[in-house]
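# Architecture at a glance
Listed below, chain by chain, are the residues.
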Amino acid sequence: MAEQPEQRKNNRHSISLFGMSRRDYFAGQAVKGLLAKYGIDGNHHMTAHAKDAYDIADYMEKERTR
């Protein structure tokens, strides 16, 4: 049987896999959608997309724990 990925505690979120928190994973998924819809249009928009992605991730985490 294959070994399970190492799981370790993360002080902000409960599980971190390979150095990525659940929040990072959620933000990565969100930013993919934002880039697919709005594209890349300079550094200002990239900064806004990154902030929005983490805002979405935080909301998803909040909803997950309801």
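The coordinates are above.
Residues numbered from 1 in each chain as written. Predicted model: local features only at pLDDT ≥ 70, side-chain atom pairs only at ≥ 80, totals over all residues. Heavy atoms only, no water.

A few words on the side chain of S21. Within the element layout of this structure, S21 appears in strand β3 (residues 20-21). Within the local environment of S21, its side chain forms a polar contact with the backbone nitrogen of D24, the two atoms lying 3.0 Å apart. (Helix = DSSP H or I, 4+ residues; strand = E, 2+ residues; numbered from the N terminus. Polar contact = N/O pair within 3.5 Å; in protein donor to acceptor, adjacent residues only side chain to side chain.)

Applying the stated criterion to the full structure yields 4 salt bridges. Residue R22 is joined to E61 by a salt bridge in which the shortest nitrogen-to-oxygen separation is 2.9 Å. On the criterion of sequence distance, the pair formed by R22 in helix α1 (residues 22-38) and E61 in helix α2 (residues 42-64) is long-range, its members being 39 residues apart. Taken as a pair, R22 and E61 share a single burial class, namely buried. E63 is the partner of R66 in a salt bridge, and the nearest nitrogen-oxygen pair spans 3.2 Å. (Salt bridge = Lys/Arg side-chain N within 4 Å of Asp/Glu carboxyl O. Buried < 20%, exposed > 50% of the residue type's maximum accessible area, 1.4 Å probe, protein only.)

It is worth spelling out the packing of α1 against α2 at this point. Angle between the axes and distance between the axes: these two values describe a pair of packed helices. For the pair α1 and α2, interaxial distance at closest approach is 8 Å and the crossing angle is 130 degrees. Viewed along their axes, α1 and α2 adopt a mutual orientation that is oblique. Where α1 crosses over α2, the handedness of that crossing is right-handed. Facing α1, whose interface residues are R22, R23, D24, F26, A27, A30, V31, L34, L35 and Y38, α2 presents M46, H49, D52, A53, Y54, I56, A57, D58, M60, E61 and R64. For the contact of α1 with α2, the per-class residue count stands at 13 nonpolar, 1 polar and 7 charged. (Axes fitted to C-alpha atoms, helices over the stretch in contact; angles between N-to-C directions. Parallel < 35°, antiparallel > 145°, perpendicular 65-115°, else oblique. Left-handed = near helix turned anticlockwise from the far one by under 90°. Contact = heavy atoms within 4.5 Å. Nonpolar A, V, L, I, M, F, W, Y, C, P; charged D, E, K, R; others polar.)

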